Amino acid sequence: VLDAWYIAAHSHQLKRKPLPVTIHGTPLVLFRDDEGSAGCLLDRCPHRNVPLSIGKVVEGQLRCGYHGWRFDRGGRCTHVPALVGVSDKRSRCAAAYPVIEQQGFIWVYMRPGAEPEQGPYTFPITEGEPGYLVVRRTVQTAGSLHMVAENALDVPHTAFLHGGLFRTEEARGEIETEVRRWHDRVECEYIGEARPSGIVGRLLSPSGGVVVHHDRFFLPSVVQVEYSIGTENHVLVTAFGTPVDAYETQLHAVVAIRTRFPGWLIRPFIQPLALWIFHQDRTVLRLQTEAALKYGSAHMASTDVDLLGPHIMKLMRRAERGDLGPVRTEPRIKRGRMLV
Ligand code: FES
Ligand SMILES: [Fe+2]
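Report on the accompanying structure. (Residues numbered from 1 in each chain as written. Chains lettered and ligands numbered in written order. Predicted model: local features only at pLDDT ≥ 70, side-chain atom pairs only at ≥ 80, totals over all residues. Heavy atoms only, no water.)

**What to know about the overall build of the chain**
Tallying secondary structure elements over the chain gives four helices and 19 strands in all. Looking at the chain residue by residue over its 340 residues, the buried ones come to 49%. Counted over contacts in the chain with a minimum sequence separation of 6, partners at least 24 positions apart contribute 59%. Just so you have it, the chain exposes about 17,400 Å², and 53% of that area is on carbon and sulfur atoms. Across the chain, the 40 positively charged side chains and the 36 negatively charged ones have centroids separated by 5 Å. (Helix = DSSP H or I, 4+ residues; strand = E, 2+ residues; numbered from the N terminus. Buried < 20%, exposed > 50% of the residue type's maximum accessible area, 1.4 Å probe, protein only. Contact = heavy atoms within 4.5 Å. Areas by Shrake-Rupley, 256 points an atom, 1.4 Å probe, with all protein chains shown as cover. Lys, Arg positive; Asp, Glu negative; His and termini not counted. Charge placed at Lys NZ, Arg CZ, Asp CG, Glu CD.)

If you want it as structure tokens, here you go:
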């Protein structure tokens, strides 16, 4: 979906040097003007196609590394060094994308020259929220946006691929599931699950307790996993997926954790665990992507416990067509059961 905001980089990544990024297969370049405002242009000089990212920022404008043409944040060609006469002509403009910097991320709207009606997604909990440890991590993996979103929100694989970390291979009980779908998002609530018996569950809530667990997907590409265990433990993982291209996805995760333990105590455990889990997921996502390429298409036999993947696909298809259907204030609900 091109009519949407995507995270292109963390604010701190963009300093003096132009920063090349790729979103939806489109090469882009980010830079800051004299005031520090971020701009985003197609990473292709309109003169001879050289990537503008090999250039430099001069007087707040991006200067091409080949003949020195300069462009402002709006893509206007402000200077052609050897030229006697006017530099600024329409044909010499670089395509400029809307940019917003928000919550420490640089967001780019993927339609050049557009005037978006809405701002980017807002993360619900960020640094400074009382009682929470907040950690940000950006990771990149093989896999389409759909594959990566499904993986992040899929419960049954956790007992196998991540065996012992969250859940164990032997299912312990039947729980209820409720999938709620709106025109632009879908969520699943898992009702009646005991505290996961794996390391992660024990770490977060040694005393057990009832688990309230929601997995969510919002268009264009937000995945969210929320656990509340007992009254004092709350884990909210919100990740924004930026498609690098059809086979590669970046996930910008903001992890917010509240437990009865202080943040400094759990931080050293969370990081390596999260990276280990991600390493396992990345391995299957790469294999899945390679298989889809090898066989020419993806074969997808789903069952009732592939709870969110098919809905996410439906939402993405509709968004691509630019038609989400009627606005739903009340979700469509589907109840089911599963063994965990
Ligand atoms: S290619 Fe950029 S100025 Fe010539
Ligand atoms: Fe996983």
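We are not done yet, so read on.
**Here's the deal with the coordination of the iron ion (ligand 2)**
In the first shell of the iron ion (ligand 2), the protein supplies His157 (NE2), His162 (NE2), Asp281 (OD) and Asp281 (OD), at 2.1 to 2.4 Å from the metal. Here the donor residues for the iron ion (ligand 2) map to a single chain with the spacing H-x4-H-x118-D. One end of the pair, His162, is in the loop between helix 1 (145-152) and strand 13 (174-181); the other, Asp281, is in helix 3 (residues 263-295), and 119 residues separate them in sequence. In this structure His162 comes out as buried when scored by relative accessible area, which is 1%. For Asp281, a relative accessible area of 9% gives the class buried. (Donors = N, O, S within 2.8 Å, 3.2 Å for Na, K, Ca; no water.)

**Overview of the sheet that holds strand 10 (residues 99-102)**
Reading across the sheet, the three strands line up as 1-11-10 and stay open at both edges, with antiparallel pairing between neighbours. With one partner strand each, in any of the chains shown, strand 1 (5-10) and strand 10 form the two edges of the open sheet. With strand direction ignored, the average angle separating the axes of adjacent strands in the sheet is 30 degrees. As defined by bridge partners, strand 10 adjoins strand 11 (residues 105-109) across four bridges and the pair is classed as antiparallel. (Pairing = 2+ DSSP bridges. Axes fitted to C-alpha atoms, helices over the stretch in contact; angles between N-to-C directions.)

**Comments concerning a positive patch on the surface**
Taken together, the side chains of Lys314, Arg328, Arg332 and Lys334 present a region of like positive charge at the surface. On the secondary structure map, Lys334 appears in strand 19 (residues 332-339). (Patch = residues over 30% accessible without salt bridge, like charges linked within 9 Å, V, L, I, M, F, W, Y side chains within 5 Å. Salt bridge = Lys/Arg side-chain N within 4 Å of Asp/Glu carboxyl O.)

**Quick look at helix 1**
Counting buried residues in helix 1 gives seven out of eight residues, a clear majority hidden from the surface. Taken together, the buried positions of helix 1 are Leu145, His146, Met147, Val148, Ala149, Glu150 and Asn151.

Take it as geometry only, folks, not as evidence of what the structure does.
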